[in-house]
Amino acid sequence: MLDTAIRNATIITAGDRYTAQIGIKNGRITAIAEDVGPAAEEIDAAGMWVMPGGIDAHVHLEQPQGEDVVMADGFESGTRSAAAGGTTMVMPFALQQKGQSLREVVEAYHAAARGKCYVDCSFHIIITDPTPSVLGQELPALVKAGYTSFKVFMTYDDMVLNDAQLLDVFDAARRERAMVMVHAEGYDAIRYMTRKLEEAGRTAPYYHAASRPESVEREATHRAISHAELTDVPIMIVHVSGREPMEQIQWAKRRGRNVYAETCPQYIALTADDLKGLNMDFEGAKYVCSPPPRDADSQTAIWEGLRDGTFDIFSSDHCPFRFEDPMGKSLERGRTSFRWVPNGIPGVETRLPLLFSEGISKGRISAERFVALTATNPARLFGMYPQKGTIAIGADADLTLWDPARKITISQSLMHHACDYTPYEGMVVTGWPVRTILRGRTIMLDGEVTGTPAGAYVDRGISGAFGGA
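Predicted model, so just to flag it, every value in this text is computed and none were measured.

A. Region of interest: the overall build of the protein chain. If you tally the helices and strands in the protein chain, you get 12 helices and 18 strands. Taken over C-alpha atoms, the radius of gyration comes to 21 Å for the protein chain, in line with the 23 Å a tight globule of 469 residues would show. The buried share among the 469 residues of the protein chain stands at 62%. For the protein chain, the exposed surface amounts to about 16800 Å²; the carbon and sulfur share of it is 48%. Of the charged side chains in the protein chain, 47 are positive and 60 negative, and the gap between their average positions amounts to 3 Å.

Next comes the structure, spelled out in structure tokens:
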């Protein structure tokens with residue numbers, strides 16, 4: 001007998017839409033048929049859409065921020081929030097600080113996550129100190145152990161890599177067949193703009209966006225692509241905010257370059273005007289993230305890219321800081337200048353509903369494209385397909401049941417994160433996840449996260465960008 005049977009299911013994958021029953025045994029899908037037979041648990045999905053559970057390939061949880069700043073979400077609250085939003089797997093970042101070995105970083109991050117995850121997880125590694133021993137010894141060993149992706153920064157004082165370091169990291173990634181994620185913003189240009197704005201007394205949160213204009217993202221994206229071309233390595237440009245960096249990515253894709261791109265909810269739902277707050281006041285700090293939201297034309301461009309394949313994945317870049325907290329957005333020095341306001345906004349719980357509503361419900365993208373962007377493509381690009389990211393016999397039974405007609409007003413009162421606000425407060429969405437199933441077990445039902453944390457760590461293979469699955 002099956003453990004679970006899902007009846008009357010309208011199943012939607014990245015390539016198909018059909019009606020069938022789903023049979024689950026020992027955490028995996030074992031049957032998809034007109035009638036899968038008896039089961040210990042029966043789930044009636046009449047009127048629902050059954051999709052692969054979401055994979056959020058870009059979240060920040062329990063990440064060190066320095067002595068006077070604390071991230072709002074650890075693994076327990078962050079993964080609970082993910083489960084509530086229909087996500088069954090998150091991919092946070094293990095951050096190397098200067099002088100640390102990568103193995104030390106990974107072991108500490110596992111210790112922080114152990115026993116606290118409501119959904120499955122797998123780690124990317126942030127490389128900030130690419131010494132010869134890191135690139136020549138530690139990185140190869142970690143890739144062999146399943147840590148097959150890492151991230152580099154082209155900005156931020158404590159994380160920026162110069163061009164020579166970027167080339168060294170890209171070369172090591174090519175050799176070891178690892179995917180590189182790139183935060184593409186020009187460090188020196190941002191420092192120049194910040195200095196000029198502060199000298200003019202323009203220090204309110206709104207000027208965070210002015211300090212990081214689209215040109216600095218465009219230039220860095222072009223540079224990252226050029227470095228990837230020199231070293232012949234696949235890269236992913238993350239959190240792309242608008243048309244100008246998109247044009248660089250489209251140029252590369254047209255020429256057959258192995259370049260991938262990610263965008264996020266803030267670039268379809270927010271604009272730079274949100275950083276003005278109520279009247280150019282500190283309320284705008286709630287929306288400070290990098291790259292910043294742009295304008296209406298940028299939103300139009302992002303939708304074009306979500307439709308035409310410019311973007312491969314849609315992630316949250318969940319990076320939460322409490323607003324009413326002197327170790328969060330209300331950091332004392334943050335009130336003296338935008339440059340000190342902690343960068344990042346919460347979004348792991350609202351990622352899927354926002355894209356569902358603004359994309360599927362408003363006819364901008366198909367449901368199949370939604371699945372590709374939020375589950376199947378992340379699984380392929382980060383070495384987990386077909387175990388994750390699809391509804392198929394043998395795959396993990398990670399499923400989300402959606403009510404495509406349910407209307408919900410997003411509110412902080414509905415959120416399961418440990419942040420004290422949502423930047424999407426008051427937005428009305430059509431389409432809502434009503435049940436989240438992780439490896440055959442219901443972990444969220446009608447907005448309530450059930451049971452105790454039972455998420456597992458997922459070891460990954462080589463990215464599909466290297467010719468894998």
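Don't stop here, the text continues.
B. Quick peek at the packing of helix α3 (residues 132-144) against helix α4 (residues 163-176). Put simply, α3 and α4 touch, their axes get as near as 10 Å, and they point 40° apart. Our classification of the angle between α3 and α4 gives oblique. Classified by chirality, the crossing of α4 by α3 is right-handed. Every residue of α4 that contacts α3 at L135, G136, L139, P140, V143 and K144 is listed here: D168, V169, A172, R175 and E176.

C. View of the pattern of salt bridges. Here the structure, examined in full by the defined rule, presents 33 salt bridges. With a closest N to O distance of 3.0 Å, E283 and K286 form a salt bridge. Taking relative accessible area as the criterion, E283 reaches 26% and is therefore assigned partly exposed. For K286, a relative accessible area of 19% translates into the label buried. Residue D325 is joined to R322 by a salt bridge in which the shortest nitrogen-to-oxygen separation is 3.1 Å. Take D325: its relative accessible area is 15%, and that puts it in the buried class. According to the relative accessible area criterion, R322 is partly exposed, its value standing at 23%. Each of the salt bridges in this network shares a partner with another, and the network as a whole consists of R28, D120, K388, D396, D398 and R439.

D. Local environment of the pairing of strand β5 (residues 49-52). Sheet topology note: the strand β1 (residues 2-12)/β5 ladder contains two bridges and is parallel. Looking at β5, one finds that T10 is bridged to W49. In the sheet, β5 pairs with strand β15 (residues 399-409) via four bridges, with the strands oriented antiparallel. Note that in β15 the partner of P52 across the bridge is L399.

E. Representation of the nonpolar core. In this structure, M51, F150, V182, I235, I237, L306 and F370 are the most contacted members of the largest nonpolar core, which totals 99 residues. Among the elements that line this core, the one with the most residues is helix α2 (residues 102-113), at six residues. When near neighbours in sequence (up to four residues on either side) are disregarded, V182 contacts V152, M154, F170, A224, I235, M236, I237 and V238. Listed in part, the 22 residues of the second largest apolar core include I55, M181, M236 and L381.

F. Highlighting the packing of aromatic side chains. In total, this model carries 13 aromatic pairs according to the counting rule given. An angle of 90° between the planes, with centres 5.7 Å apart, marks the rings of F370 and W402 as edge-to-face. One end of the pair, F370, is in helix α12 (residues 367-381); the other, W402, is in strand β15, with 32 residues separating them in the sequence. Of the two residues, F370 and W402, both sit in the buried class. Members of the aromatic cluster, each reached through a chain of ring pairs, are F75, Y109, F123, Y147 and Y457. Between K151 and the ring centre of F93, over which it is positioned, the NZ or CZ distance is 4.7 Å. Above the ring of F282, the side-chain terminus of R335 is found at 4.1 Å from the ring centroid.

G. Seen up close, the UniProt feature "domain: Amidohydrolase-related" (unreviewed entry) in the protein chain. When the UniProt feature table is mapped to this numbering, "domain: Amidohydrolase-related" (unreviewed entry) covers residues 49-442. Secondary structure over residues 49-442 splits into 36% helix and 17% strand, and the C-alpha atoms at its two ends are 16 Å apart.

H. Expanded view of the side chain of H227. Positionally, H227 belongs in helix α7 (residues 214-231). If we skip the residues at most four places from it in the chain, H227 touches D163, L166, L167 and F170.

Thresholds applied
Residues numbered from 1 in each chain as written. Predicted model: local features only at pLDDT ≥ 70, side-chain atom pairs only at ≥ 80, totals over all residues. Heavy atoms only, no water. Helix = DSSP H or I, 4+ residues; strand = E, 2+ residues; numbered from the N terminus. Rg over C-alpha atoms; globule rule 2.2 N^0.38 Å. Buried < 20%, exposed > 50% of the residue type's maximum accessible area, 1.4 Å probe, protein only. Areas by Shrake-Rupley, 256 points an atom, 1.4 Å probe, with all protein chains shown as cover. Lys, Arg positive; Asp, Glu negative; His and termini not counted. Charge placed at Lys NZ, Arg CZ, Asp CG, Glu CD. Axes fitted to C-alpha atoms, helices over the stretch in contact; angles between N-to-C directions. Parallel < 35°, antiparallel > 145°, perpendicular 65-115°, else oblique. Left-handed = near helix turned anticlockwise from the far one by under 90°. Contact = heavy atoms within 4.5 Å. Salt bridge = Lys/Arg side-chain N within 4 Å of Asp/Glu carboxyl O. Pairing = 2+ DSSP bridges. Core = buried A, V, L, I, M, F, W, Y, C linked by side-chain atoms within 4.5 Å. Phe/Tyr/Trp six-rings, centres within 6.5 Å; stacked < 30°, edge-to-face > 60°. Lys NZ or Arg CZ within 6 Å of the ring centre and 35° of its normal. UniProt positions renumbered as here; feature names shortened; annotations may be inferred.

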